[in-house]
Amino acid sequence: MFHPDYEIVIGLEVHCELKTKSKIYCGCTTEFGGEPNTHCCPICTGMPGTLPVINEKVVEYAIRAGLATDCQIAAFSKQDRKNYFYPDLPKAYQISQYDLPICYEGKVDIEVNGENKTIRLTRIHIEEDAGKLLHEAGEGTLADYNRCGVPLIEIVSEPDMRSQEEARAFLEKLRSILMFVDVSDCKMNEGSLRCDVNLSVRKKGQKEYGVRAEIKNMNSFSFAVKAMEYEAKRQIKVLEEGGKIIQETRRWDQDKGVTVSMRSKEEAHDYRYFPDPDLMPIVTSKERVDQIKASLPELPDSRKVRYMEQYGLSSYDATMFLISPRMANFFEVAAENSANPKTVANWIMGEIFRLLNEEEKEAAVIPFEPEMLSKLVNLIEKGAISNSVGKKVFEEMWNTGTDPEKIVEEKGYKQVSDEGQLTQIAEQVLANNPKIVEDYRSGKEKAFQSLVGQMMKATKGQANPKVVTDLLVKILSE
Amino acid sequence: MQLYQKSAHELRDLLLHKEVSSKDIVKAYLDRIKTVDEKVQAYVTLCEEGALKQAEEVDAKRVAGEELGALAGIPMALKDNICTEGVKTTCASKMLHNFVPPYSATVAKKLSKAGTILLGKLNMDEFAMGSSTENSYVQKTKNPWNLERVPGGSSGGSAAAVAADEAVFTLGSDTGGSIRQPAHCCGVVGMKPTYGAVSRFGLVAFASSLDQIGPLTKDVEDMALVMNEIIGHDPYDSTSAPVGYPDYTKDLYRGVKGMKVALPQEYFGKGINPDVQAIVMAAAKKLESMGAILEEVSLPMTQYALPAYYLISSAEASSNLARYDGVKYGLRAEQYRDLLDLYKQTRDEGFGTEVKRRIMLGTYALSSGYYDAYYKKAQQVRTLIKNEFENVFGTYDLILTPTAPTTAFKIGEKTDNPLEMYMHDICTVPINIAGLPALSMPGGFDQTGLPVGVQFVAKALGEEKILQAAFALEQELQIKSQRPLL
């Protein structure tokens, strides 16, 4: 779709809100929402005289994220002030990390179109979020400081991605990891995961990177992908027409489907970073790192391999279940309790994913317990109900949350396998359809399927198809 | 002797023996303030009603036999950059002329717990930037010893109030000498504790890595008493030292016998007024006669202290004062075109000349391309100065120096020459750079009758030694009964 002579180079900066109970430098709640300016105190609103005190959980969560992405953990790290004026930033500086981030030199492995690739991480640092400005018609601009001081980590990748598909795979993988190590909810609709895209293009074979543009504050993966597609095309067009790319910051206009220039390099802020004198350095011992490492759960990469080996899943299916820990746990519990995990996987991939949108998939909003899916699969596996009855039972489970065994019991869905009972019905069916019996006897194979159909009809679909087949063969050959 | 002339320890004893009530004392002070503050102009806010109410409460508790804090019923006042819930805290700036904090500083809470009574808030140089209190947006405080002279600064109101008997004691803040230099100018005792010994939570920041709150008192024993109440680790201040602190009154009488006191040659001679030098040397002789061992040492890095101080303190100030942008509290310009203009107009109207000068200097020092040459270099100098002091304290218990090169200068004398004003902090600034404790106490008077301070410096957390030496010297000098005539 792009000019065949060009290659795209993408690096990402991902901002992720940590799910600590309290804010990074004060005791206020981090809970999303709430009436404007109710989750605030003198500290997070930057009142004169207040001082920050680091929330130890933030450091721990950042290290968890770092260990889960193969980062080095800094023994000595510090916090710096990033100075700029904006009404959503009450102190007029953001406490962030400049030259000594808490984690550095990590990596994330991705798979795109069956090919594996490693994306290197430059660093992960901790910082505080800013507030939100609401532009109300007639009321001017209103400031809500509830989000001020909510802890963030910023994860910076190397410019290792070569397509928007790789970028998307990276983002999805990163989100999965952050959710599995339980440091963030990664709710994009609540802004707890956002990214800035650095993108440049260059002629294939060219060694140096092209001049890059930064697209700020994308809060949806699909918008980010669209923005990357647009921006790459734009840059290629500029170059093909003999123009030059200027280093600048752009934003994505979703309504118009274009990126728009915000400010050039010359207009860029001088943030005047310097070590925050109100905070002590963050010193992390090897023992502490080991302790946190030992507390990490099984990570998505390892789970994927296990799902493929243990349950015979395809790479694609395994990745789908790793969309979130809730979904993975649903699958694992359902699989553990069933005779055929592969069938469990098929039910989730087929029926459940059909009924859930993207967001619900992530949150695994399934109206029944995973054990119920195991029971359903087990009922089918042991022949108690047929596959087609299974679908009816599933529908009922989805709508009412009722236990499948109870549904089968109450609705009388139980599959009939009793030969004596079925022989009686078979004799009746054969007697009622002499023409078909004759066709079969004269060698028309199709006629046999028709007889099986009549049997199923006569038993309201509850006859065990295998028993019926065997029985009909037996009777007709007599 | 009037009630308002008594020290905290004297008043405490009178209160304990129920010879006076706290209300008597507070009334005496309020009367005194009404009589003399028109001349001195130390107070920017007076809490008359609140003070009387608090005094009645303490008295009622005492009658009821309830347990009371060590300074129960003693009236005091705070520099106007220490946040007091419900009481205006202006930093003597137009920018915060209407700012009423929704919370109290840790020191204010501690003093309240100790039972002290807040008389009001005291004048200062705007945002604690200055050495004469002339940079106040509110008023010019006068030196009680000579009303044509400055009280020093930036805690000029805090020093003048104690000297003029308008408070039993006060708190100030000291970033480069702002407690000790006015204590010297006004003839009172002033102490800058070790950086991290007193919580900065609720102190409106000027330069975070240098600021430290400390008391100004009528004598050294009061200093020990007040230090006992305000010192200690505060979980709300990350730079507060999580260590145990001694009871400073316990070994106050130990004396100086065998103490090794260093006289750094860089603090004597060129630029130091001969009267000042003579008084400090006389104090040294006294100490020697009392059994201390005095020796000259050299601190060659001292010459770099002032430039390093102005780079570091201004850099931090440029960031600390950025929050005064007209958006959330304090002044907002009435006329502005857009957001940028709101910032510009508000900051132009709200800040005085000296504050603007420091913000510009600090912004420049932190700017891309200049950081290494200025801010980083200054931090390296800071390390060298610290090391130099540490070396001396490997051998010596204390350092003795003048507090300032001259006595209090005339109002308006240095306002047109910022550099000359900065030079008045030459003896105090290095101590802040190194984060060490230091105290200025009256050592005598110059020929015109203006007080002269002597400065004791100790290693980090060495306040106890300073207080012991200062107490011994005070006993020997017998000048603390001298009071300005107002």
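Since this is a predicted model, take the numbers as computed values, not measurements.

S.K.: Would you mind going over the overall build of chain A in detail, with residue names and values included?
M.R.: Within chain A one finds 16 helices and 16 strands. At 30 Å, chain A has a C-alpha radius of gyration far larger than the 23 Å of a compact globule built from 478 residues. By principal-axis analysis of the C-alpha atoms, chain A measures approximately 95 × 55 × 55 Å. For chain A, the proportion of its 478 residues judged to be buried stands at 54%. Counted over contacts in chain A with a minimum sequence separation of 6, partners at least 24 positions apart contribute 69%. For chain A, the exposed area adds up to about 22,600 Å²; of that, 49% sits on carbon and sulfur atoms. Averaging the locations of the 63 positively and 76 negatively charged side chains of chain A gives two centres separated by 2 Å.

S.K.: An account of the domain arrangement of chain A is needed here, citing residue identities and associated values.
M.R.: All names here are of chain A. Here chain A is partitioned into domain 1 (6-291), domain 2 (298-411) and domain 3 (419-477). Computed from C-alpha coordinates alone, the two centres of domain 1 and domain 2 are separated by 35 Å. Carbon and sulfur atoms supply 57% of the area that domain 1 and domain 2 bury against each other, a total of about 1,000 Å² over both sides. Across the contact surface, domain 1 and domain 2 share two salt bridges. The salt bridge involving lysine 304 is made with glutamate 111; its shortest N-O contact spans 2.6 Å. In this structure, the connection of domain 1 to domain 2 is made through four residue pairs in polar contact (both at pLDDT 80 or more). Broken down by secondary-structure element, the contributors of at least two residues to the side of domain 1 that touches domain 2 are β6 (103-112) and α2 (164-180). It is α2 that contributes the most residues to the side of domain 1 that touches domain 2, six residues altogether.

S.K.: Can you break down the nonpolar core residue by residue, with the values?
M.R.: Grouped together as the largest cluster of nonpolar side chains are 160 residues, with contacts concentrated most on Phe127(B), Phe389(B), Leu439(B) and Phe456(B). Dropping the residues within four chain positions of it, Phe127(B) is found in contact with Cys91(B), Ser93(B), Met95(B), Leu96(B), Val204(B), Phe206(B), Leu321(B), Tyr324(B), Phe351(B) and Val355(B). Residues Val14(A), Leu67(A), Ala224(A) and Ala232(A) belong to the second largest nonpolar core, which totals 65 residues.

S.K.: Report on a nonpolar patch on the surface, specifying residues and quantitative values.
M.R.: Together, Phe76(A), Leu100(A) and Val283(A) give the surface a local cluster of nonpolar side chains, amounting to about 280 Å² of exposed area. With respect to the element layout, Val283(A) can be found in strand β16 (residues 282-283).

S.K.: With reference to specific residues and values, describe the packing of helix α7 (residues 325-336) of chain A against helix α10 (residues 370-381) of chain A.
M.R.: Residues and elements named next belong to chain A. Orientation of α7 relative to α10, taken along the N-to-C sense of each, is 40°, at an axis distance of 7 Å. Relative to α10, α7 is oriented oblique. For the pair α7 and α10, the sense of crossing is right-handed. Together, Phe330, Val333 and Ala334 of α7 and Pro370, Glu371, Leu373 and Ser374 of α10 make up the contact between the two elements.

Rules and cut-offs
Residues numbered from 1 in each chain as written. Chains lettered and ligands numbered in written order. Predicted model: local features only at pLDDT ≥ 70, side-chain atom pairs only at ≥ 80, totals over all residues. Heavy atoms only, no water. Helix = DSSP H or I, 4+ residues; strand = E, 2+ residues; numbered from the N terminus. Rg over C-alpha atoms; globule rule 2.2 N^0.38 Å. Buried < 20%, exposed > 50% of the residue type's maximum accessible area, 1.4 Å probe, protein only. Contact = heavy atoms within 4.5 Å. Areas by Shrake-Rupley, 256 points an atom, 1.4 Å probe, with all protein chains shown as cover. Lys, Arg positive; Asp, Glu negative; His and termini not counted. Charge placed at Lys NZ, Arg CZ, Asp CG, Glu CD. Domains from an automatic or database assignment. Buried area = accessible area lost by both parts, 1.4 Å probe. Salt bridge = Lys/Arg side-chain N within 4 Å of Asp/Glu carboxyl O. Polar contact = N/O pair within 3.5 Å; in protein donor to acceptor, adjacent residues only side chain to side chain. Core = buried A, V, L, I, M, F, W, Y, C linked by side-chain atoms within 4.5 Å. Patch = residues over 30% accessible without salt bridge, like charges linked within 9 Å, V, L, I, M, F, W, Y side chains within 5 Å. Axes fitted to C-alpha atoms, helices over the stretch in contact; angles between N-to-C directions. Parallel < 35°, antiparallel > 145°, perpendicular 65-115°, else oblique. Left-handed = near helix turned anticlockwise from the far one by under 90°.

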